[in-house]
Amino acid sequence: MAILSVLDLSPIPVGCEAAESLRNSLDLAQQAERWGYRRFWLAEHHSMPGIASAATAVVIGHVAAGTSTIRVGAGGIMLPNHAPLTIAEQFGTLESLFPGRIDLGLGRAPGSDQATARALRRTLHSDPEAFPQDVLELLAYFGPAEEGQRVQAVPGQGLNVPLWILGSSLYGAQVAAALGLPFAFASHFAPAQMMQALEIYRARFKPSLYLDKPYAMVGFNVFGADTDEEAKVIVTSMQQAFVNLRSGTPKKLQPPVPGYYERLHLHDQAILNDVLSCSAIGSPATVRRELKAFAERTGADEIIVASMIYDHTARLRSYQIAAEANV
């Protein structure tokens, strides 16, 4: 079986505020460390009522301070929103505080809508096509200082924080392969091009100072419960979240609704079937079977597990089931 890691958006359920969600994220990270997960990644999203991980570097510091061995990182930072020097300083600081435990995954999506992106950047003149050059700039800030280098990341310079390229299309695979960096594919919500992206990444990979052979991680949803019937209920919170997002009305994470999927229009059912096709929804036996099949199909070096579940106790149980299924 593949190495397992955790992807957390620090979900804010109905009836809760961000403070409780952030405490729950730390609790999940502490349990994930005990269950043997390799990494705990948080993702940058903005202006989303149901997600508390917007200030991603700050949350990473919160989680890293409350754990001791699990790697903690960004899955990811949306680089067009930021100056590379700012990210180098933030993650150089994190690496200085928690040496050998910090990862930096980079994406080129905004992590928001256009209005929010404009509020973040003050301008939309930043070019997403400049993403590879921004990655190279970041790598330089984390490398050794060169003679005459006027701008340095302090902290950051010489710390060699591991960089990952994230993607939900073929573009990220091409960038990761060309730069010789590890690649993480967002198949937990955009699975359509997963296999093609992995093929391109592996075929075109160029060994680098950072990595001598391809290393691929893929996203996988797990909604584990003691029975298949219970799992089919808890997944409805995630189903509601996707339908609300696609309709332009994102909300806090909604309570489970038995029979929700069956009452949807066929068009919405088809969207959910596509979006959540890389998922295990069921009992421990079901999760074990689906997780094993996914690992074999992708040949991934690592699987990062997402479990957007309304009840925190149920979410912990789902991650525990995934960890035990991987033994």
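Details of the structure are given in the entry above.
What counts and what doesn't
- Residues numbered from 1 in each chain as written.
- Predicted model: local features only at pLDDT ≥ 70, side-chain atom pairs only at ≥ 80, totals over all residues.
- Heavy atoms only, no water.
- Helix = DSSP H or I, 4+ residues; strand = E, 2+ residues; numbered from the N terminus.
- Rg over C-alpha atoms; globule rule 2.2 N^0.38 Å.
- Contact = heavy atoms within 4.5 Å.
- Areas by Shrake-Rupley, 256 points an atom, 1.4 Å probe, with all protein chains shown as cover.
- Lys, Arg positive; Asp, Glu negative; His and termini not counted.
- Charge placed at Lys NZ, Arg CZ, Asp CG, Glu CD.
- Phe/Tyr/Trp six-rings, centres within 6.5 Å; stacked < 30°, edge-to-face > 60°.
- Buried < 20%, exposed > 50% of the residue type's maximum accessible area, 1.4 Å probe, protein only.
- Arc of directions from axis to C-beta.
- Core = buried A, V, L, I, M, F, W, Y, C linked by side-chain atoms within 4.5 Å.
- 1 Å grid on protein atoms, 1.4 Å probe; cavity = no way out; pocket = protein on both sides within 12 Å on 5 of 7 lines; lining within 4 Å.
- Points joined across faces, edges and corners; volume = space filled by probe spheres on them.
- Nonpolar A, V, L, I, M, F, W, Y, C, P; charged D, E, K, R; others polar.
- Axes fitted to C-alpha atoms, helices over the stretch in contact; angles between N-to-C directions.
- Parallel < 35°, antiparallel > 145°, perpendicular 65-115°, else oblique.
- Left-handed = near helix turned anticlockwise from the far one by under 90°.

So what about the overall build of the protein chain? Which residues, and what values?
In terms of regular secondary structure, the protein chain is built from 12 helices and 9 strands. The C-alpha radius of gyration computed for the protein chain amounts to 19 Å, which stays within 12% of the reference 20 Å derived for 327 residues, consistent with globular compactness. Pairs at least 24 residues apart make up 72% of the contacts formed inside the protein chain by residues separated by at least 6 positions. In the structure as shown, the protein chain presents an accessible area of about 14300 Å², 55% of it carried by carbon and sulfur atoms. In the protein chain, 26 side chains carry a positive charge and 31 a negative one; their mean positions are 2 Å apart.

Residues and numbers for the packing of aromatic side chains, please.
In total, this model carries 7 aromatic pairs according to the counting rule given. Here Trp164 and Tyr215 contribute two aromatic rings whose centre-to-centre distance is 5.7 Å and whose plane-to-plane angle is 85°, an arrangement assigned as edge-to-face. Taken together, the residues span a long stretch of sequence, with Trp164 in strand β5 (residues 163-167) and Tyr215 in the loop between α7 (194-204) and β7 (216-224) at a distance of 51 residues. Like Tyr215, Trp164 is buried. Chaining the aromatic ring pairs together yields one cluster made of Phe183, Phe185, Tyr201 and Phe205.

Could you give me a rundown of α7, with the residues and numbers involved?
Counting along an α-helix, one turn takes 3.6 residues, and residues three or four places apart therefore face a common direction. Inspection of α7 places Met194, Ala197, Leu198, Ile200 and Tyr201 among the buried residues, and these make up the whole buried set. Here the buried residues of α7 occupy an arc of 165° about the axis, which is enough to place them on one side. Along α7, the residues that are exposed and aim more than 90 degrees away from the buried face are Glu199 and Ala203. Taken together, the buried residues of α7 touch α6 (170-179), β6 (183-185), β7 and α11 (284-298).

Describe the nonpolar core, with residues and values.
Judged by nonpolar contacts, the single largest core of 102 residues is most densely connected at Phe91, Leu104, Val135 and Ile303. Excluding its chain neighbours within four sequence positions, the residues that come into contact with Phe91 are Ala57, Ile60, Ala74, Ile77, Ile102, Asp103, Leu104, Phe142 and Val161.

Kindly report on the layout of surface pockets, identifying the contributing residues and their values.
The method is simple in principle: a probe with the dimensions of a water molecule rolls over the atoms, and the space it marks as empty is what remains. In this model, the second largest pocket occupies a volume close to 300 Å³. Of all the elements in the fold, those that place two or more residues in the lining of the second largest pocket are α8 (228-234), α9 (236-246), α10 (266-275) and β8 (279-282). Broken down by element, the lining of the second largest pocket gets its largest block of residues, 3 residues, from β8. When the residues that make up the lining of the second largest pocket are grouped by side-chain class, the tally is 8 nonpolar, 6 polar and 2 charged.

How would you explain the packing of α6 against α7 if you had to name every residue and give the values?
Taken N-terminus to C-terminus, the directions of α6 and α7 make an angle of 15°; their axes are 8 Å apart at the nearest point. Classified by the angle between their axes, α6 and α7 sit roughly parallel to one another. Read as a crossing pair, α6 and α7 show a hand that is right-handed. Residues Leu170, Ala173, Gln174, Ala176 and Ala177 of α6 form the contact with α7, whose participating residues are Gln196, Ala197, Ile200, Tyr201 and Arg204.

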